2 protein chains.
Amino acid sequence: MSLPSHVRLVEVGPRDGLQNEAQPISVADKVRLVDALSAAGLSYIEVGSFVSPKWVPQMAGSAEVFAQIQRKPGVTYAALAPNLRGFEDAVAAGVKEVAVFAAASEAFSQRNINCSISESLERFAPIMAAARQQGISVRGYVSCVLGCPYEGDIAPEQVAAVARELYAMGCYEVSLGDTIGTGTAGATRRLFEVVGAQVPRDKLAGHFHDTYGQAIANIYASLLEGINVFDSSIAGLGGCPYAKGASGNVATEDVVYLLDGLGIHTGIDLQALIGAGRQISQVVGRPSGSRVAKACNAV
Amino acid sequence: MSLPSHVRLVEVGPRDGLQNEAQPISVADKVRLVDALSAAGLSYIEVGSFVSPKWVPQMAGSAEVFAQIQRKPGVTYAALAPNLRGFEDAVAAGVKEVAVFAAASEAFSQRNINCSISESLERFAPIMAAARQQGISVRGYVSCVLGCPYEGDIAPEQVAAVARELYAMGCYEVSLGDTIGTGTAGATRRLFEVVGAQVPRDKLAGHFHDTYGQAIANIYASLLEGINVFDSSIAGLGGCPYAKGASGNVATEDVVYLLDGLGIHTGIDLQALIGAGRQISQVVGRPSGSRVAKACNAV
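Residues numbered from 1 in each chain as written. Chains lettered and ligands numbered in written order. Predicted model: local features only at pLDDT ≥ 70, side-chain atom pairs only at ≥ 80, totals over all residues. Heavy atoms only, no water.

On a plain count of helices and strands, chain A comes out with 12 helices and eight strands. Computed over the C-alpha atoms, the radius of gyration of chain A is 17 Å, within 12% of the 19 Å expected from 2.2 N^0.38 for a compact globule of 299 residues. The C-alpha extent of chain A, read off along each of the three principal axes, is 50 × 45 × 35 Å. Partitioning the contacts of chain A with sequence separation of at least 6, the portion at a separation of at least 24 is 74%. Carbon and sulfur atoms provide 49% of the accessible area of chain A, an area that totals close to 10900 Å². Taking the 23 positively charged and 28 negatively charged side chains of chain A as two groups, their mean positions are separated by 3 Å. (Helix = DSSP H or I, 4+ residues; strand = E, 2+ residues; numbered from the N terminus. Rg over C-alpha atoms; globule rule 2.2 N^0.38 Å. Contact = heavy atoms within 4.5 Å. Areas by Shrake-Rupley, 256 points an atom, 1.4 Å probe, with all protein chains shown as cover. Lys, Arg positive; Asp, Glu negative; His and termini not counted. Charge placed at Lys NZ, Arg CZ, Asp CG, Glu CD.)

Time to look at the packing of helix α7 (residues 156-169) of chain A against helix α8 (residues 185-196) of chain A. Residues and elements named next belong to chain A. Packing of α7 against α8 brings their axes to within 9 Å, and their N-to-C directions diverge by 45°. As the angle between them shows, α7 and α8 are arranged oblique. Read as a crossing pair, α7 and α8 show a hand that is right-handed. For the pair α7 and α8, the contacting residues are Pro-156, Glu-157, Val-159, Ala-160 and Ala-163 in the first and Leu-191, Val-194 and Val-195 in the second. (Axes fitted to C-alpha atoms, helices over the stretch in contact; angles between N-to-C directions. Parallel < 35°, antiparallel > 145°, perpendicular 65-115°, else oblique. Left-handed = near helix turned anticlockwise from the far one by under 90°.)

Residue and element names in this part refer to chain B. Burial within strand β4 (residues 97-103) is extensive, with six of its seven residues counted as buried. Of the strand pairs in this sheet, strand β3 (residues 76-80) and β4 are connected by three bridges, and their pairing is parallel. What sits directly across from Ala-79, in β4, is Val-98. Handedness of the β3-helix α4 (residues 84-92)-β4 crossover: right-handed. Pairing of β4 with strand β5 (residues 137-143), which is carried by seven bridges, proceeds in the parallel orientation. The residue of β5 that forms the bridge with Ala-103 is Ser-143. (Buried < 20%, exposed > 50% of the residue type's maximum accessible area, 1.4 Å probe, protein only. Pairing = 2+ DSSP bridges. Right-handed = clockwise from strand over helix to strand, strands pointing away.)

Detailed conclusions should not be drawn from predicted coordinates in areas where pLDDT is low. With 96% of its residues at a pLDDT of 70 or more, chain A has an overall mean of 94. Here the predicted complex carries an ipTM of 0.94, next to a pTM of 0.95. (pLDDT = per-residue confidence, 0-100.)

The next point concerns the packing of aromatic side chains. With the rule as written, the count across this model stands at seven aromatic pairs over all chains. Ring centres of Tyr-220 of chain A and Tyr-220 of chain B lie 6.3 Å apart, and the angle between their planes is 80°; on these two criteria the pair is classed as edge-to-face. You can see Tyr-220 of chain A sitting in helix α9 (residues 215-224) and its partner Tyr-220 of chain B sitting in helix α9 (residues 215-224), one on each of two chains. Relative to Tyr-212 of chain B, the ring of Tyr-257 of chain A lies with its centre 4.8 Å away and its plane at 20°, an arrangement referred to as stacked. (Phe/Tyr/Trp six-rings, centres within 6.5 Å; stacked < 30°, edge-to-face > 60°.)

Residues and elements named next belong to chain A. Despite not being glycine, Ala-235 shows a phi value in the positive range, around 60°. With respect to the element layout, Ala-235 can be found in the loop between β8 (229-232) and α10 (252-261). Here Ala-235 falls in the buried class, since its relative accessible area comes to 5%.

Our next topic: empty space enclosed by the protein. Evaluated as defined, the whole model comprises three cavities of 30 Å³ or more. When its volume is computed, the largest cavity comes out at roughly 80 Å³. Considering the residues around the largest cavity, the lining is formed by 13 residues, among which Asp-210, Gly-213 and Ile-216 of chain A together with Asp-210 and Gly-213 of chain B are closest to the centre. Mapped by element, the contributors of at least two residues to the lining of the largest cavity are α9 of chain A together with α9 of chain B. The element best represented in the lining of the largest cavity is α9 of chain A, accounting for three residues. For the lining of the largest cavity, the class distribution of residues is five nonpolar, three polar and five charged. (1 Å grid on protein atoms, 1.4 Å probe; cavity = no way out; pocket = protein on both sides within 12 Å on 5 of 7 lines; lining within 4 Å. Points joined across faces, edges and corners; volume = space filled by probe spheres on them. Nonpolar A, V, L, I, M, F, W, Y, C, P; charged D, E, K, R; others polar.)

So, about helix α6 (residues 117-134) of chain A. Residue and element names in this part refer to chain A. Here α6 contains 18 residues, and its C-alpha end-to-end distance of 26 Å stays within 8% of the 26 Å for a straight helix at 1.5 Å per residue. Along its length, α6 reaches its greatest deviation from straightness, about 25°, at Ala-125, and the proline Pro-126 lies no more than four positions downstream. Within α6, burial applies to Ile-117, Ser-120, Leu-121, Phe-124, Ile-127, Met-128, Ala-130 and Ala-131. On the buried face of α6, the contacting elements are α4 (84-92), β4 (97-103), α5 (106-113), β5 (137-143) and α7. Of the residues one or two after α6, Gly-135 is the one with positive phi, at around 70°. (Expected span 1.5 Å × (residues − 1). Bend = angle between axes of the 7 residues up to and from the residue.)

Another point: the nonpolar core. Counting 190 residues, the largest nonpolar core has Leu-176 of chain A together with Leu-176 of chain B as the members making the most contacts within it. Setting aside anything within four residues of it in sequence, one finds Leu-176 of chain B in contact with Val-142, Val-145, Val-159, Ala-163, Leu-191, Phe-192, Val-195, Ala-205, Gly-206 and His-207 of chain B. (Core = buried A, V, L, I, M, F, W, Y, C linked by side-chain atoms within 4.5 Å.)

Let us now look at the state of the cysteines. If you walk through the whole model with that rule in mind, you get zero disulfides over all chains. Unpaired in this structure, Cys-148 of chain A has its nearest cysteine sulfur neighbour in Cys-144 of chain A, at a distance of 4.6 Å. Overall, Cys-148 of chain A belongs to the buried group, its relative accessible area being 4%. There is no disulfide at Cys-171 of chain B, and the cysteine sulfur nearest it, in Cys-115 of chain B, is 15 Å away. (Disulfide = S-S within 2.5 Å.)

Right, dumping it as structure tokens:
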């Protein structure tokens, strides 16, 4: 067993987390969160999303957030851009890195973004072309990699096909998301074995949801497969829309605790991170979804 | 990587879980819980504890619980017996298997059971002798194996010394408990490597707390080390007394979900288990500590 010596965490709380909040969060609170996260040592923060406020009202004001954050050197501040219009808005707001997303499940793609998987990939072509021209980096997401709320099990080969396509189109990294959190450690390893045969492993990331309490084990399983980039969400922000009351994104605090315990370098200060999580948990008015935060705040 | 083909779960909810409840649970509710657990397929249930009700009032009535449960063939119904008096009371109540416990930390042993580790082991000698004579099996627990609330880190060699002693005294199995839940996957593997050199691995069990969200990952790490017996608690019953509001014992539902996902046989019906957990969660008046139960009950 040889584990990676360092891990990069992609903090998705301000975007993937807060976009699921029933009550919109103010620009000021979002800015405070992003700055607290960079101060805690996170080197990659997904700050917002440039989508129609008609579809995702929680992400209105992303441009203002980008304008007001204190940009710390060495930190990547990224935004989701589902289409060319969103990409252009993001660039106009000074964004240097965007993310695009596709699904590994046809049914999920249809219901979530209203088109087939291949149509969604076609939509990215003009984004990729514009990004190349303007020197913008693009990260790709694939959702439903270990299960789909409509189709059930998803073959790793299907995930590999979508991931390979995103990589071939120019995504410098592809994040594989267990959107409904049903995956377990063995399936996670098989996933990275199969996808890793199509896309270099150092271009893959893991994105786990803790809905069934498996996220930390899945991250450990991924580390054993040589994966060293993971998405996570401060305080576990972002409930899973398919299981009311259940947890969604794995909490960044819990991931950092695991990595600290394994002696893997992240550059993140766990206590500062817990402080950032405490602050945003107060804003959203819910207890933290992080077990580490709960334990540490309780002592 | 070769994982065990089957795992035995030791359900500690009725004892280790309920003994931490502020409000005592009635004998009838305990009986209903134990019967629901055996009906769900659990083959080993720690039903109660024969200790002075002065120290642990929650465990008063253990003899009545033993008298009223429906004994299912093939199921072991065990009790904790901290001293010879407790052992005799347990045997009088028809108990065929008892458990004794020691700590891997001197400070914890002193504060928790008011004697040194070696004194605690000496106290077990008459229990072991009486058990041998009467054909009673004895299981040993070692607490604080991955950290102590007073001493901090605990050397695996220290755990190995206590585990070896319990095994040499006649405990047929020794369960290693991460009492405060601070352990992570790498430390778990090292623990079983070191202890496994002193006690056969098939005589060791893992007992993990989910206080820091690491229990499922630690169980996966243990499986990779060949361990195939784990303690767990229905609905995650049993808060950790050192971190108010934080979770304690890993939830049986979450462990079974992991094992089902890995294709490891347990003989347990997850849906029946979730039903048992729902029932006892209503009795204690708290949401389940199991993420699987939360997700499945929310759908």
